[in-house]
Amino acid sequence: MKKFLIVVMFCFSFWACQQEKTIAVKKVIPERRQPKTITYQWQNAKDWLAKTSDSSAIDIALAVNRIDKANFVKMDSVVIPTDLTGHIAYYFPFPFEVKALEEVNKIIFFSYPTQTFATYENGQLVHTGPTNMGRKKDQTPTGLFFTNWKAEETTSTFNDEWDLKWNFNIANKLGVGWHQYELPGYPASHSCLRLLEKDAKYLYDWADQWVLLDDETVSVKGTPVVIFGAYDFEAKKPWLQLVNNPKALNIAEDEITKQVKPFLKNILAQQQKRVQYQGKK
């Protein structure tokens, strides 16, 4: 009877641990309002802005055109969704769920072809927005990176007159990272990942910094960042296709899986190091 009770208690403990593990990685899917339709039309930027006071609608319009407000008003024609009542994620190309990422606590993707980024927690899309990446002669490197150090404000290594807000480095020797800066509506940076200020601050708060053992040794790497794809600098802006085909830029779940697959083992190994480090704190 005693042996039986021990076996039962062991089985129950194992089941409880599995349940805790399941609960730990299960994320609540964010509530998002879906627009009645996702179609696009041409509008004159100044005319549209003059008759639009809804800040959420303006945010979506800026994001769809990968541009900030100061540059938006300089445009003649812009692409505007016909229904602006939805959550911004519905107007962006990343899939809402990626099963291959279920074990990954945090990860960031930057898509060069669509000039967009997305963050995922255990396979669920949690945040997305526009970016302007490296120009043709200073293209942003692609592949797997990890977030390193961050600074609320720092100075550009290319020009000491450029102030970079919410800067988060991802390639220390190359000086590449994301930060808030002007978004003219096309890849224009010196290889960094430009963001709107609200997105730069979000990523600044959301991602993890590295942990250094000493000045030369990284003990725990930060949040994984995957930059992928290529931008056609000779073609028209890709998002202009949305007027004729609203799904033209969609990124399939299989594509994200394909991009992350070569790095997944490394990502999970680094994640485990962070879990162990946090457990010792």
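A short tour of the structure in this document, coming up. Along every chain, residues carry numbers that run from 1 in the direction the sequence is written. Thresholds applied to this predicted model are a pLDDT of at least 70 for local features of residues and 80 or more for the giving and counting of side-chain atom pairs; totals over whole chains, interfaces and linings are not thresholded and use all residues. Values reported for side chains reflect all heavy atoms of the structure, with hydrogen atoms and water molecules removed beforehand.

### Here's the deal with the side chain of H190
Secondary structure elements follow DSSP: runs of H or I of four or more residues count as helices, runs of E of two or more count as strands, with numbering from the N terminus. Relative to the helices and strands, H190 resides in the loop between strand 9 (176–180) and strand 10 (193–195). In protein, a polar contact means a hydrogen-donor-capable atom and an acceptor-capable atom, both N or O and within 3.5 Å, with residues adjacent in sequence counting only if both atoms are side-chain atoms; elsewhere, any N or O pair within 3.5 Å suffices. Separated by 3.1 Å, the side chains of H190 and R135 make a polar contact.

### With respect to the pairing of strand 4 (residues 116–121)
Accessible area is worked out with a 1.4 Å probe on protein chains only. A residue is then buried under 20% of its type maximum, exposed over 50%, and partly exposed in between. The buried fraction of strand 4 amounts to six of the six residues, a majority that puts the element mostly inside the structure. Taking every second residue as pointing to the same face, both faces of strand 4 are buried, with T116, A118 and Y120 on one and F117, T119 and E121 on the other. Pairing analysis gives five bridges linking strand 3 (residues 107–111) to strand 4, with the strands arranged antiparallel. What sits directly across from F109, in strand 4, is A118. Any two strands with at least two DSSP-identified bridges between them are counted as paired. Adjacent in sequence and paired antiparallel, strand 3 and strand 4 are bridged by four residues, among which Q115 carries a positive phi angle near 55°. Pairing geometry for strand 4 and strand 5 (residues 124–130), over six bridges, is antiparallel. Across the sheet, residue F117 finds its bridge partner in strand 5, namely G129.

### Section: the sheet that holds strand 5
Pairing between the strands of a sheet is mediated by backbone hydrogen bonds and can be parallel or antiparallel. The strand order across the open sheet built from five strands is 5-4-3-13-6, with neighbouring strands paired in mixed fashion. The open sheet has two edge strands, strand 5 and strand 6 (143–146), and neither has a second partner. Averaged over all pairs of adjacent strands, the angle between strand axes in this sheet comes to 20°, irrespective of strand direction. By definition, residues are in contact when any of their heavy atoms lie within 4.5 Å. Axis definition: a line fitted to C-alpha atoms, over the contacting stretch in the case of helices. Angles run 0 to 180 degrees between N-to-C directions. Each of strand 3 and strand 13 (224–228) is contacted by helix 6 (residues 253–260), which is oriented at about 110° to strand 13, the strand it contacts most.

### Quick word on the environment of G177
Along the chain, G177 falls in strand 9. Taking C-alpha positions, G177 is 9.5 Å from T140, a pair spaced 37 residues apart along the chain.

### Some points on the pattern of salt bridges
By definition, a salt bridge exists where a carboxyl oxygen of Asp or Glu is found within 4 Å of a side-chain nitrogen of Lys or Arg. Under the definition given, this model contains five salt bridges. With its nearest N and O atoms 3.7 Å apart, the salt bridge here joins K106 to D208. Of this pair, K106 sits in the loop between strand 2 (77–81) and strand 3 while D208 sits in the loop between helix 5 (197–206) and strand 11 (211–212), and the two are 102 residues apart along the sequence.

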